[in-house]
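# Architecture at a glance
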Amino acid sequence: MMNAKELKKAIEDNVKVLYRKTIDEASKEQVFYALSYAIKDTIIDEWIATHKAYDAQDAKILYYLSMEFLIGRALGNNIINLGARKEVAQVLNELGFDLTDIEDQESDPALGNGGLGRLAACFLDSLATLNYPAYGCGIRYRYGMFKQKIENGYQKEVPDNWIKNGYPFEIKRSEYSYIVKFGGNVRVENVDGKEKFIQENYGSVRAIPYDMPVLGYENGMVNTLRIWDAEAITNFSLEQFDKGDYQKALEQENLAKTLVEVLYPNDNHYAGKELRLKQQYFFISASLQRALDKFKENHSDIHDLPKKVVFQLNDTHPTVAIPELMRLLLDEEGLSWDDAWKITTECMAYTNHTIMAEALEKWPIDLFKSLLPRVYQIVDEINRRFVEQIRARYPHNFAEKEKNMAILYNGQVRMAYMAIVAGFSVNGVARLHTEILEHQELKDFYEMMPEKFNNKTNGITQRRFLAHANPLLTDWITKKLGTDKFITDLPLLSGLKNYLDDENALNEFMDIKYQNKLRLVKYIKEHNGIEIDPDSIFDVQVKRLHEYKRQLLNILHVMYLYNKLKNDDNFDMYPRTFIFGAKAAAGYKRAKQTIKLINSIADVINNDKSINDKIKVVFIEDYKVSNAEIIFAAADVSEQISTASKEASGTGNMKFMLNGAPTIGTMDGANVEIVEEVGHENAFIFGLSSDEVIAYEKNHEYDPMVIFNSDSEIRTVLMQLVNGFYSPNNTEEFREIYDSLLKSNGHDRADTYFILKDFRSYAAAHEEVDRAYRDKKRWAKMALTQTANVGKFSSDRTIEEYVRDIWHLSKLRLDNAK
Ligand code: OX2
């Protein structure tokens with residue numbers, strides 16, 4: 001890192017060169033660019049040195065293949081990882097600017113939907129911090145996740161052109177571009193007694209990589225996130241074209257334009273769009289071609305590939321990497337099937353992130369075959385051989401096993417099954433999730449190949465979600481522990497246990513929470529125009545909107561509390577602000593109705609003076625990584641209330657815990673392990689267990705009507721959905737939500753997600769929260785207990801486990817390491 005004087009000069013020079021201005025004339029946005037380029041300058045030598053060290057040490061490299069990297073803003077994070085936050089803030093002050101203001105100028109690169117994409121970003125941070133050689137490989141979507149506007153209570157999607165003004169941290173690497181082919185047909189030629197497969201009449205695009213630096217924390221390591229853009233191939237001479245060629249040229253032009261245009265905004269949901277399969281193949285083919293070329297630069301025998309390269313498939317979205325690697329090894333490298341298969345299966349590992357049936361990718365064979373004719377032939381052969389194995393192993397129940405495991409079945413390509421068959425590792429993302437995979441969802445595979453299965457409980461990076469998001473708490477912990485080593489060694493936070501009975505320390509800890517609440521109050525005032533009371537309990541549910549995550553349970557409970565305040569003179573509650581933040585997939589009607597419901601309820605309750613501000617409801621517009629950091633730091637209570645068994649892990653739960661917010665939640669996903677760390681007495685657990693949910697799903701014995709008929713308070717809440725209480729202008733506004741809770745339809749049971757079933761125990765858990773919070777000392781201790789026990793949930797721990805069990809990487813040595 002340059003010193004203060006150099007940095008100041010660099011910023012001033014950049015403002016001059018970029019904008020022909022002196023610093024006193026520059027806008028905040030211009031200073032943002034000037035500072036970012038200065039920071040990039042300080043990174044660049046280490047970036048180069050890191051990659052020279054890859055080569056010099058002949059390092060094994062991880063390629064983390066993911067359709068999503070929800071990286072969030074880079075500037076602040078890079079400054080943190082350079083260890084330069086205070087110095088940079090100081091320099092900017094001297095120039096008349098505030099670092100937070102300048103950071104706010106950056107668009108928030110939202111190249112992901114939610115937890116899956118954010119996990120990939122946390123992993124990159126940890127890999128670099130732990131000195132592991134790795135590339136993230138993904139897509140440079142022109143439009144990432146849409147921006148959310150709330151109009152009249154409804155979500156409106158607005159395109160987010162994040163690279164409109166240029167993104168200072170990326171570098172275009174045209175010299176590493178590759179051609180990717182789609183469609184056409186395969187011709188077989190006989191060359192010297194060997195079959196050669198030639199794809200012809202195809203359409204193609206050029207894949208161009210853009211590299212972004214991924215900095216380790218104060219260790220001189222700079223890895224790369226490589227995202228691919230598509231360009232039309234234009235090296236044709238027009239006069240040679242007949243009509244057909246011209247048509248083709250236009251199609252190719254069009255394909256290149258649409259291919260990387262937009263991220264599909266579905267979280268945990270498969271939509272089956274052809275363009276999505278094209279996106280998948282596009283970035284996979286380009287990434288693999290590059291990985292093989294890089295390997296071949298320093299190695300002569302392709303059989304050694306598994307010693308130097310490992311590919312991690314982030315869910316099934318990149319699974320086409322399996323037949324694509326086979327294709328490259330067979331058709332380009334000329335290997336035999338057996339050799340190619342051995343290499344492929346030793347290089348590929350698969351992470352499963354969900355058991356939700358609607359999220360499982362199954363491509364129609366016809367579509368797959370016409371888009372990827374040669375790749376399909378290979379899938380067909382992989383399947384044929386695997387089905388033979390099934391037949392040999394299960395001669396007596398072959399048909400059933402084939403139905404449960406074949407890759408090609410019923411006219412579909414089942415991508416998850418291909419990943420399991422070809423991968424050497426299959427992992428879930430929290431202990432409970434992995435158990436459900438082994439014993440329910442994937443039990444036939446587990447029985448046949450148990451050695452592949454393993455658990456890797458998710459984690460989060462404390463560099464972003466503590467050091468950057470919560471500087472006050474970071475400084476306080478540093479003082480208390482006498483070291484800031486927890487920034488790379490999160491279990492050190494257990495040292496805070498010494499302060500659990502120290503009243504001064506507890507007061508300081510809660511005062512920091514209060515300061516962070518004020519910061520959020522200000523944000524909400526500026527962005528939503530709503531005043532909220534920092535002395536109320538901030539009860540927060542922020543995550544994608546999904547039925548299984550049960551934002552509906554939360555808001556129904558708010559309706560219930562409001563009724564109690566209005567009707568029951570003996571009822572009292574500690575003032576609470578219920579804060580929601582969530583994007584709904586653009587086509588997910590029920591989710592969008594839930595957003596409208598939350599906003600309608602906010603309208604009524606926030607404007608009812610008679611309840612003395614005991615309840616406020618806030619829906620924060622456009623929940624994203626940058627405001628998430630402010631929200632986590634300010635939360636008192638963390639809502640993690642998915643139907644047990646449905647949330648594979650959750651990672652927001654860990655971010656709240658890190659920042660000292662106890663969980664109200666079900667025994668689902670990583671909540672189970674959080675409770676294990678903090679102790680049952682320091683969490684508010686309610687609801688059916690995953691076993692109970694799974695049993696009800698099998699035996700169909702749950703009938704929400706029984707609850708509706710017997711519990712008048714719940715009944716009143718439900719009736720308010722359809723009597724215009726919250727929608728006086730349209731009593732039918734929430735009819736579908738009402739129906740979904742009480743009536744089954746063609747495919748879904750009534751109350752599919754057990755909201756009414758869990759309602760009473762959820763309400764009881766909330767009463768417990770209310771009681772606990774009133775006892776200030778008890779609450780402070782409970783809050784500090786969260787932070788003190790969060791050590792396990794660092795993505796540093798997760799990455800070390802992947803390295804130990806799956807990737808087998810060595811730490812890179814850097815001579816210039818600080
Ligand atoms: C999410 C899961 O829903 C969430 O539970 C998990 O924490 C996260 O992935 C990271 O592992 N799409 N998003 C997810 O799964 C899928 C599929």
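- In the nomenclature of an unreviewed UniProt entry, the chain corresponds to Alpha-1,4 glucan phosphorylase from the organism Lachnoanaerobaculum gingivalis.
- What UniProt states about the chain under its Sequence similarities (unreviewed entry) heading is, verbatim, "Belongs to the glycogen phosphorylase family."
- Turning to the chain, the UniProt annotation filed under Cofactor (unreviewed entry) states: "pyridoxal 5'-phosphate".

## A few points about the sheet that holds strand S15 (residues 412-414)
- Pairing in this open sheet of 3 strands is antiparallel, and the strands run S13-S15-S14 from one edge to the other. The sheet terminates laterally at strand S13 (362-364) and strand S14 (408-409), the two strands that pair on one side only.
- Taken together, the 2 bridges between S14 and S15 define a ladder with antiparallel strand orientation. Among the inter-strand pairings, leucine 408 is bridged to a residue of S15, identified as valine 413.

## Some points on the UniProt feature "modified residue: N6-(pyridoxal phosphate)lysine" (unreviewed entry) in the chain
- Under the present numbering, the feature "modified residue: N6-(pyridoxal phosphate)lysine" (unreviewed entry) in UniProt falls on Lys655.
- Structurally, the position occupied by lysine 655 is in helix H24 (residues 652-658).
- Here lysine 655 falls in the buried class, since its relative accessible area comes to 6%.
- Excluding anything up to four places from it in sequence, lysine 655 contacts Arg118, Ile460, Phe465 and Phe632.

## A word on the sheet that holds strand S20 (residues 615-619)
- Here 6 strands make up an open sheet; going across it, the order is S20-S19-S18-S21-S22-S23 and the pairing parallel. In this open sheet, the two edge strands, each paired with only one partner strand, are S20 and strand S23 (684-685).
- Helix H22 (residues 589-606) rests against strand S19 (576-581) and S20 of the sheet, and its axis sits at about 145 degrees to S20.

## Regarding helix H11 (residues 337-347)
- All of the buried residues along H11 are Trp337, Ala340, Ile343, Thr344, Thr345 and Cys347.
- Considering only its buried residues, H11 is in contact with helix H9 (305-308), strand S11 (309-314), helix H10 (321-332), strand S12 (348-351), helix H13 (373-393) and helix H15 (415-422).

## Here we look at the site of the ligand
- In the region of the ligand, 16 residues are neighbours, and Asn268, His353, Asn458, Glu647 and Gly650 sit closest.
- A distance of 3.0 Å separates an oxygen atom of the ligand from a polar backbone atom of serine 649.
- In the model, an oxygen atom of the ligand is placed 2.8 Å from a nitrogen or oxygen of the glycine 650 main chain.
- Within the complex, the protein chains bury 96% of what would otherwise be the 410 Å² of accessible surface of the ligand.
- Grouping the constituent residues of the shell around the ligand by class yields 5 nonpolar, 8 polar and 3 charged.

## Digging into the pattern of salt bridges
- Within this structure, the stated rule accounts for 68 salt bridges.
- Of the charged contacts, one joins arginine 384 and glutamate 381 as a salt bridge, the two residues approaching to 2.8 Å between their closest N and O atoms. In this pair, arginine 384 and glutamate 381 are both assigned in helix H13, 3 residues apart and thus about one turn of the helix distant.
- Under the relative-accessibility criterion, arginine 384 is labelled partly exposed at 45%.
- Between lysine 583 and aspartate 622 there is a salt bridge, with the nearest N and O atoms lying 2.9 Å from each other. Placement of the pair is lysine 583 in the loop between S19 and H22 and aspartate 622 in the loop between S20 and helix H23 (625-634), with a sequence separation of 39 residues.
- Connected through shared salt-bridge partners, Arg140, Arg142, Glu170, Asp229 and Glu261 make up one network.

Cut-offs used in this document
Residues numbered from 1 in each chain as written. Predicted model: local features only at pLDDT ≥ 70, side-chain atom pairs only at ≥ 80, totals over all residues. Heavy atoms only, no water. UniProt positions renumbered as here; feature names shortened; annotations may be inferred. Pairing = 2+ DSSP bridges. Helix = DSSP H or I, 4+ residues; strand = E, 2+ residues; numbered from the N terminus. Buried < 20%, exposed > 50% of the residue type's maximum accessible area, 1.4 Å probe, protein only. Contact = heavy atoms within 4.5 Å. Axes fitted to C-alpha atoms, helices over the stretch in contact; angles between N-to-C directions. Near = heavy atom within 4 Å. Polar contact = N/O pair within 3.5 Å; in protein donor to acceptor, adjacent residues only side chain to side chain. Areas by Shrake-Rupley, 256 points an atom, 1.4 Å probe, with all protein chains shown as cover. Nonpolar A, V, L, I, M, F, W, Y, C, P; charged D, E, K, R; others polar. Salt bridge = Lys/Arg side-chain N within 4 Å of Asp/Glu carboxyl O.

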